[in-house]
Amino acid sequence: MTGLRPVHVIGGGLAGSEAAWQIADAGVPVVLHEMRPHRSTDAHKTDGLAELVCSNSFRSDEWETNAVGLLHAEMRRLGSLILAAGDLHKLPAGGALAVDRDRFSAEVTERLRTHPLVTIERGEVAGLPPDDWDNVIVATGPLTSPALGEAVAALTGEGELAFFDAIAPVVHLDSIDQAIAWKQSRYDKAGPGGTGADYLNCPMSKEEYEAFVDALLAGEKTSFKEWEASTPYFDGCLPVEVMAERGRDTLRFGPMKPVGLTDPRTGRRPYAVVQLRQDNAHGTLWNMVGFQTKLKHAEQVRVFRMIPGLGEAEFARLGGLHRNTFLNSPKLLDGALRLKAAPRLRFAGQITGVEGYVESAAIGLLAGRLAAEARKGHALSLPPPTTALGALLAHITGGHLADTGSASFQPMNINYGLLPPLAEAPTAGPDGRKLKGKERGAEKKRLMSRRALHDLDAWLGAREPAEA
């Protein structure tokens, strides 16, 4: 395949890095364009590929009853670079797959840098790619440069949709009072790289919780330009003070829920709890889970030091908020992620309207494989809709909004609701015992997950002769 022209991938985030790897792994040369460090963004801090700008968690790694864990399993079967690097640099995080963000990015960068079919070019692609780039993946993420975003909007006649995304603070471990905070995962659950005591928990009494909510609501927030006033938040990444505005108990039934935890000082479950998750391999930095915020920096320090155990907290990074953009994908993209108005352009990652690190990388993986197949002259083969990959692809390119013309298309995480239902809902377990309530729901998820991996393996097997 040495005579093949290269595929161009614009954007070196999770989706772009995964797409470039899949293309090269298929034997097709690829040029990966990353504008950093020549042009930075409001959220990035380094020039490394696949830099994690918000959380360091890829969420649950449990594949049988968790949809994102199923997506992990499918991506591993397809040789995902992002999952391979994540597995190498995982951190204790209960049932989740969390990574050391610096080592993870360095791993991805080095693997791509040393691949013989990958060329990394630093510099901004301003506007539409040159006409002689006939096979392009745009994976510029939610922080697409204005020049490229405006060019795509002009090409399609569609204004870009947008939402706000928030970043949680990171705290130095040695500034946390561990006479108050204790280590425990919910229900003592151990996950990849974990022990069952993977989170630092800061307990609150009812009085402390009420005072904290009052301070969140009264704290001075970052203000935005008038043109951003109508931009919505994505519900999966709401600022903590916005959640508090929705009701005084919203937080303690959300990120501050105390279920599955016991304060060793009292032997009881606290009224509410703030959890921190390890953020680097050395264990010196800890991320405040679910504490995305638009509070001004001085207010963050003041309010978050009200949390028991964080009274003397020193912050390695304070929270922030940035504006993200994504396409109206059901209207603008075809089933193979190509822009209908210009099929040489394929889109991947968060710009397509998926939400989450893993989902972004998953769409990058599919875009890369599709671009490589097209370059080699193969018929394009899409994963079955019964798989997490296929269901996610179907939702963003031809989902329930595709024929409605609705302007309400919003970012979506993978979930079992996107997969086709089982032909028959389970009523009994493998042992023949009748299932009740939550047991029935868990068994349904297990059956859907097993069906997904079976169908994925069959799809991969059917494609092997064409790629040999």
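This text goes with the structure placed above it.
Residues numbered from 1 in each chain as written. Predicted model: local features only at pLDDT ≥ 70, side-chain atom pairs only at ≥ 80, totals over all residues. Heavy atoms only, no water.

S.K.: Which residues make up the overall build of the chain, and what values go with them?
M.R.: When helices and strands are counted, the chain shows 12 helices and 17 strands. A separation threshold of at least 6 residues defines the contact pool for the chain, and within that pool the share at least 24 residues apart is 72%. As displayed, the chain offers around 19300 Å² of accessible surface, 52% of which is attributable to carbon and sulfur atoms. (Helix = DSSP H or I, 4+ residues; strand = E, 2+ residues; numbered from the N terminus. Contact = heavy atoms within 4.5 Å. Areas by Shrake-Rupley, 256 points an atom, 1.4 Å probe, with all protein chains shown as cover.)

S.K.: Describe the sheet that holds strand E10 (residues 182–183), with residues and values.
M.R.: Neighbouring strands of a sheet are bound in pairs by backbone hydrogen bonds; such pairs are parallel or else antiparallel. Spatial ordering of the open sheet is given by E10-E11-E12-E13-E9-E14, a layout of six strands whose pairing is antiparallel. Where the open sheet ends on each side, the last strands, each with one partner, are E10 and strand E14 (315–317). Where helix H6 (residues 206–218) meets the sheet, it contacts strand E11 (199–204) and strand E12 (272–278), and its direction lies at approximately 95° from that of E11. (Pairing = 2+ DSSP bridges. Axes fitted to C-alpha atoms, helices over the stretch in contact; angles between N-to-C directions.)

S.K.: Please set out the packing of helix H2 (residues 67–77) against helix H11 (residues 388–398) residue by residue, giving values where relevant.
M.R.: Helix-helix packing is described using two parameters, namely the angle between the two axes and the distance between the axes. Look at H2 against H11: their axes get within 8 Å of each other, and the N-to-C directions meet at 105°. Relative to H11, the element H2 is oriented roughly perpendicular. On the side of H2, the interface is formed by Leu70, Leu71, Glu74 and Met75, while H11 contributes Ala388, Leu389 and Leu392. Residues that form the contact of H2 with H11 fall into these classes: six nonpolar, no polar and one charged. (Parallel < 35°, antiparallel > 145°, perpendicular 65-115°, else oblique. Nonpolar A, V, L, I, M, F, W, Y, C, P; charged D, E, K, R; others polar.)

S.K.: Just give me the short version of the pattern of salt bridges, but keep the residues and values in it.
M.R.: Applying the stated criterion across every chain yields a total of 21 salt bridges. For aspartate 134, the salt bridge goes to arginine 5, with nearest N and O atoms at 3.5 Å. On the criterion of sequence distance, the pair formed by aspartate 134 in the loop between strand E6 (118–122) and strand E7 (136–138) and arginine 5 in the segment before strand E1 (7–10) is long-range, its members being 129 residues apart. Arginine 252 is paired through a salt bridge with aspartate 249; the nearest N and O atoms lie 3.0 Å apart. For aspartate 249, a relative accessible area of 33% corresponds to the partly exposed category. The structure contains a network of salt bridges with shared partners spanning Arg5, Asp134 and Arg375. (Salt bridge = Lys/Arg side-chain N within 4 Å of Asp/Glu carboxyl O. Buried < 20%, exposed > 50% of the residue type's maximum accessible area, 1.4 Å probe, protein only.)

S.K.: Residues and numbers for the side chain of aspartate 61, please.
M.R.: Its place among the elements puts aspartate 61 in the loop between strand E3 (57–60) and H2. Among the polar contacts listed, one links the side chain of aspartate 61 to the side chain of histidine 72, at a separation of 2.6 Å. If we ignore the near neighbours within four places in the chain, the residues touching aspartate 61 are Gly69, His72, Arg76, Gly95, Ala96, Leu97 and Pro192. (Polar contact = N/O pair within 3.5 Å; in protein donor to acceptor, adjacent residues only side chain to side chain.)

S.K.: Could you give an account of the pairing of E12, with specific residues and numbers?
M.R.: By the criterion of burial, E12 is predominantly enclosed, with seven of the seven residues buried. Note: E11 against E12, six bridges, orientation antiparallel. From the neighbouring strand, leucine 200 faces E12, where its bridge partner is leucine 276. Note that E12 and strand E13 (residues 285–288) share three bridges and pair antiparallel. Residue pairing across strands places leucine 276 opposite methionine 288, the latter belonging to E13. Two successive antiparallel strands, E12 and E13, enclose a turn made up of six residues, where glycine 283 displays a positive phi of approximately 75°.

S.K.: Run through the sheet that holds strand E4 (residues 90–91), naming residues and quoting values.
M.R.: Spatial strand order, E3-E5-E4: three strands in an open sheet with antiparallel pairing. Of all strands in the sheet, those bounded by a partner on one side alone are E3 and E4. Relative to strand E5 (residues 96–99), E4 is paired through two bridges, and the arrangement is antiparallel. Within E5, the position partnered with leucine 91 by the bridge is alanine 98. Of the strands in this sheet, E3, E4 and E5 touch helix H3 (residues 81–88), which is tilted by about 80° from E5.

S.K.: I'd like a rundown of the packing of aromatic side chains, residues and numbers included.
M.R.: A complete count under the given rule lists six aromatic pairs for this structure. Taking 5.9 Å as the distance between ring centres and 85° as the angle between the ring planes, the aromatic pair formed by phenylalanine 58 and tyrosine 357 counts as edge-to-face. Taken together, the residues phenylalanine 58 in strand E3 and tyrosine 357 in helix H10 (residues 357–375) connect sequence positions 299 residues apart. As far as burial versus exposure is concerned, phenylalanine 58 and tyrosine 357 are alike and both buried. Aromatic side chains phenylalanine 212 and phenylalanine 291 sit 6.1 Å apart centroid to centroid with 40° between the ring planes, which places their arrangement in the tilted category. You can see phenylalanine 212 sitting in helix H6 and its partner phenylalanine 291 sitting in the loop between E13 and helix H8 (297–304), a full 79 residues away along the chain. (Phe/Tyr/Trp six-rings, centres within 6.5 Å; stacked < 30°, edge-to-face > 60°.)

Just distances and angles here, no functional claims.
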